[in-house]
Amino acid sequence: MAGASGLVGRAILQGLLADDSVAAVHALGRRPLDIQHPKLHFRSVDFAALPALPNVDEVYLALGTTIKVAGSQGAFRAVDYDANLAVARAAQAEGATRAGLVSAMGADSGSRIFYNRVKGELEEALSHLPWRGLVIARPSFLAGDREALGQPVRSGEKLALKLSRVLRPLIPADLRSIEASRVAQALLAAVPQATGRQVLRSGQMQNPGR
C-alpha cells in the first residue's frame, strides 16, 4: 500500500494488520512510519523510480496532498496522479489483481477544477489497467485527527467539517463529512472480493448496510 501516513491510509493499514487472513503488508513511503508490527514491511522509496516490489495480491492507493502543501499544480499531480499510478503498475507487475483507491467526491476527468480533474484522470488511468477488481472510494470531507499524524490542518476542510456537523440532518448523505475510518472499512470490505469496477459514494460508505 501507499499513503499509510494519511488519514484513510493509516486506517487501512491498521485494518490490514489486524486481519488474520493477511500474511504481510508492504508499505511504501518517503519517510518511515511511526508504527511497528510483525506483518509490516516498510520500504522507503522514490515514487518516480520505484524498485521491484514483492509478490502481492492487492494494492491500496491512498497517496494524496494539496496544492498548498505540494507548492504547485505540477507537484500536486506528481503525488496524486503519477505516484499512485506508478505504485498500481508496479504492484500489478508483481501479481496484484485487485486494487482499492482513495479518490474524492467530484472526481471527473472533464472537470474545470484542477483537483477534481486530476482525481478523475487517475480513476480513468487505473480503470484501463487489467484488474480483476478495482474499487474506487469517493469520500466527501474527511473527518479525523490530522494533527496526531503530523499533518497540517486544512483550514477550508476544518470549516467545512464544523458546518457539516451542525447542519448534518439537512445535508444529503453524499455531501456530509465522513470519518476516515469508515472509508477504510468500506475499502477493506470491498476490495478482497471485488469483480470489475466499483465506485463507493460517500453516502454509501456512511451507511454500509444500504
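Overview of the structure. (Residues numbered from 1 in each chain as written. Predicted model: local features only at pLDDT ≥ 70, side-chain atom pairs only at ≥ 80, totals over all residues. Heavy atoms only, no water.)

## Some thoughts on the overall build of the protein chain
Of regular secondary structure, the protein chain possesses seven helices and eight strands. By the burial criterion, 46% of the 210 residues in the protein chain qualify as buried. Of all intrachain contacts in the protein chain linking residues separated by at least 6 positions in sequence, the fraction that spans at least 24 positions is 65%. As displayed, the protein chain has an accessible area near 10,800 Å², and 51% of this comes from carbon and sulfur atoms. (Helix = DSSP H or I, 4+ residues; strand = E, 2+ residues; numbered from the N terminus. Buried < 20%, exposed > 50% of the residue type's maximum accessible area, 1.4 Å probe, protein only. Contact = heavy atoms within 4.5 Å. Areas by Shrake-Rupley, 256 points an atom, 1.4 Å probe, with all protein chains shown as cover.)

## Quick notes on the packing of aromatic side chains
Per the counting criterion, the structure on display carries two aromatic pairs. Seen from their ring centres, Phe76 and Phe114 are 5.8 Å apart, and the 55° between their planes marks the pair as tilted. Residue Phe76 is found in helix H3 (residues 73-93), and its partner Phe114 is found in helix H4 (residues 114-127); the two are separated by 38 residues along the sequence. Grouping residues by exposure puts Phe76 and Phe114 together as buried. Here the aromatic rings of Phe76 and Tyr115 are separated by 5.6 Å at their centres, their planes lie at 40°, and the arrangement is tilted. Remark: Tyr115 occurs in helix H4 and Phe76 occurs in helix H3; sequence separation between them is 39 residues. (Phe/Tyr/Trp six-rings, centres within 6.5 Å; stacked < 30°, edge-to-face > 60°.)

## Topic: the sheet that holds strand S4 (residues 98-102)
With parallel pairing, four strands are arranged side by side in an open sheet as S3-S4-S5-S8. Looking along the sheet, the strands with just one partner apiece sit at the ends: strand S3 (58-61) and strand S8 (196-201). Each strand of the sheet is rotated relative to its neighbour by a mean of 10°, with strand direction disregarded. As paired strands, S4 and strand S5 (residues 133-138) are joined by five bridges and run parallel to one another. Looking across to S5, one finds that Leu101 is bridged to Ile136. This element, H4, spans S3, S4, S5 and S8 of the sheet and lies at about 170° to S5. (Pairing = 2+ DSSP bridges. Axes fitted to C-alpha atoms, helices over the stretch in contact; angles between N-to-C directions.)

## Re the side chain of Ser140
With respect to the element layout, Ser140 can be found in the loop between S5 and strand S6 (142-143). In this structure, Ser140 is in contact with Met105, Asp174, Leu175, Arg176, Ser177, Ile178 and Ser202, ignoring residues within four places of it in sequence.

## Observations concerning the environment of Ala86
Structurally, Ala86 can be placed in helix H3. Assessed through its relative accessible area of 23%, Ala86 is described here as partly exposed. The spacing of Ala86 and Ala48 is 38 residues in sequence and 7.6 Å in space, taken between C-alpha atoms. Beyond its immediate sequence surroundings of up to four residues, Ala86 is in contact with Phe47 and Leu50.

## Brief notes about the pattern of salt bridges
Inspection of the entire model under this criterion finds five salt bridges. For Glu123, the salt bridge goes to Arg138, with nearest N and O atoms at 2.6 Å. Taken together, the residues span a long stretch of sequence, with Glu123 in helix H4 and Arg138 in strand S5 at a distance of 15 residues. Its relative accessible area of 3% is what places Glu123 among the buried residues. Overall, Arg138 belongs to the partly exposed group, its relative accessible area being 23%. Ionic pairing is found between Arg197 and Glu123, a salt bridge with its closest N-O pair at 3.6 Å. Of this pair, Arg197 sits in strand S8 while Glu123 is found in helix H4, placing the two residues 74 residues apart along the sequence. By relative accessible area, which is 48% here, Arg197 ends up partly exposed. (Salt bridge = Lys/Arg side-chain N within 4 Å of Asp/Glu carboxyl O.)

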